[in-house]
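One-letter residues, chain by chain:
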Amino acid sequence: MSDFNEAITPPPAPDGAAPQEDRTVALLVHLSGILLGFIVPLIVWLVNKDKPEKSFLNDQSKEALNFQITLLIVYVIGIILSVILIGALINLVAWVCCLIFSIIGGLKANEGIAYRYPFALRLIK
């Protein structure tokens, strides 16, 4: 396998069943991205990153954080391109993607399934 394939392949999900409390917080982390962007995933990840018993919550908060950072980059590009009128369309599509994928991610996380967004820059590993 080449280095390129390893760079774009998402990391594997953590094994084991997550407690209901962690699944609920992971649900809220994914859904909070709709209104609050990357702030809540960042806080949850920073609080739990050194706790091995919170591996599911840590993984899902990193996944949500990476997705929200990716969306932030797309929003900035959309704002810049709004000068030529395509930026509004880019921002609308990005917001709809945020809405849909955050809801799917939240539902999967609440079921205890580690969700991977279909497109996200894996900046936080």
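Residues numbered from 1 in each chain as written. Predicted model: local features only at pLDDT ≥ 70, side-chain atom pairs only at ≥ 80, totals over all residues. Heavy atoms only, no water.

Undergrad: Please clarify how the packing of helix H2 (residues 20-36) against helix H5 (residues 87-110) should be interpreted in this entry.
TA: Each packed pair of helices is defined by two parameters, the angle between the axes and the distance between the axes. Contact geometry of H2 with H5 gives a least axis separation of 8 Å together with a crossing angle of 175°. By the angle between their directions, the pair H2 and H5 is classed as roughly antiparallel. Facing Gln20, Arg23, Thr24, Ala26, Leu27, His30, Leu31, Gly33 and Ile34 of H2, the residues of H5 in contact are Trp95, Cys98, Leu99, Ser102, Ile103, Gly105, Gly106, Leu107, Ala109 and Asn110. (Axes fitted to C-alpha atoms, helices over the stretch in contact; angles between N-to-C directions. Helix = DSSP H or I, 4+ residues; strand = E, 2+ residues; numbered from the N terminus. Parallel < 35°, antiparallel > 145°, perpendicular 65-115°, else oblique. Contact = heavy atoms within 4.5 Å.)

Undergrad: Explain the environment of Ala64 here, please?
TA: The residue Ala64 is located in helix H4 (residues 55-81) in this model. Taking C-alpha positions, Ala64 is 9.1 Å from Ala120, a pair spaced 56 residues apart along the chain. Among residues more than four places away in sequence, those in contact with Ala64 are Val29, His30, Pro41 and Tyr117.

Undergrad: What exactly am I supposed to notice about the packing of aromatic side chains here?
TA: What describes a pair of aromatic rings is the distance from one ring centre to the other and the angle between the planes of the rings. Evaluation of the coordinates by the stated rule reveals five aromatic pairs. Geometrically, the ring pair formed by Phe67 and Tyr117 is stacked, given 4.0 Å between the ring centres and 0° between the ring planes. Of this pair, Phe67 sits in helix H4 while Tyr117 sits in the segment after H5, and the two are 50 residues apart along the sequence. By relative accessible area, which is 0% here, Phe67 ends up buried. Given the relative accessible area of 2%, Tyr117 is considered buried. Summarising the aromatic geometry, the rings of Phe101 and Phe119 are spaced 5.8 Å apart at their centres and angled 80° between planes, so their arrangement reads as edge-to-face. (Phe/Tyr/Trp six-rings, centres within 6.5 Å; stacked < 30°, edge-to-face > 60°. Buried < 20%, exposed > 50% of the residue type's maximum accessible area, 1.4 Å probe, protein only.)

Undergrad: Before we go on, may I ask you to explain the nonpolar core in this structure?
TA: Buried together is how nonpolar side chains tend to be arranged in soluble globular proteins. In terms of nonpolar packing, the biggest core is built from 16 residues, with Ala26, Phe56, Phe67, Leu71, Phe101 and Tyr117 touching the most fellow members. Only H2, H4 and H5 provide two or more residues apiece to this core. In terms of residue count, the dominant contributor to this core is H4 (five residues). (Core = buried A, V, L, I, M, F, W, Y, C linked by side-chain atoms within 4.5 Å.)

Undergrad: I keep staring at unusual backbone geometry and nothing clicks. Help me out?
TA: Trans peptide bonds make up most of the peptide bonds, and negative phi angles are found at most residues other than glycine. Its identity as a non-glycine residue notwithstanding, Leu85 has a phi of 70°, on the positive side. Along the chain, the position of Leu85 falls in the loop between H4 and H5.

Undergrad: Can you help me understand a nonpolar patch on the surface in this one?
TA: On the surface, Val83, Ile84, Ile86, Leu89, Leu92, Val93, Trp95, Val96, Ile100 and Ile104 cluster together to form a nonpolar patch covering roughly 920 Å² of accessible area. Position of Trp95 among the secondary structure elements: in helix H5. (Patch = residues over 30% accessible without salt bridge, like charges linked within 9 Å, V, L, I, M, F, W, Y side chains within 5 Å. Areas by Shrake-Rupley, 256 points an atom, 1.4 Å probe, with all protein chains shown as cover. Salt bridge = Lys/Arg side-chain N within 4 Å of Asp/Glu carboxyl O.)

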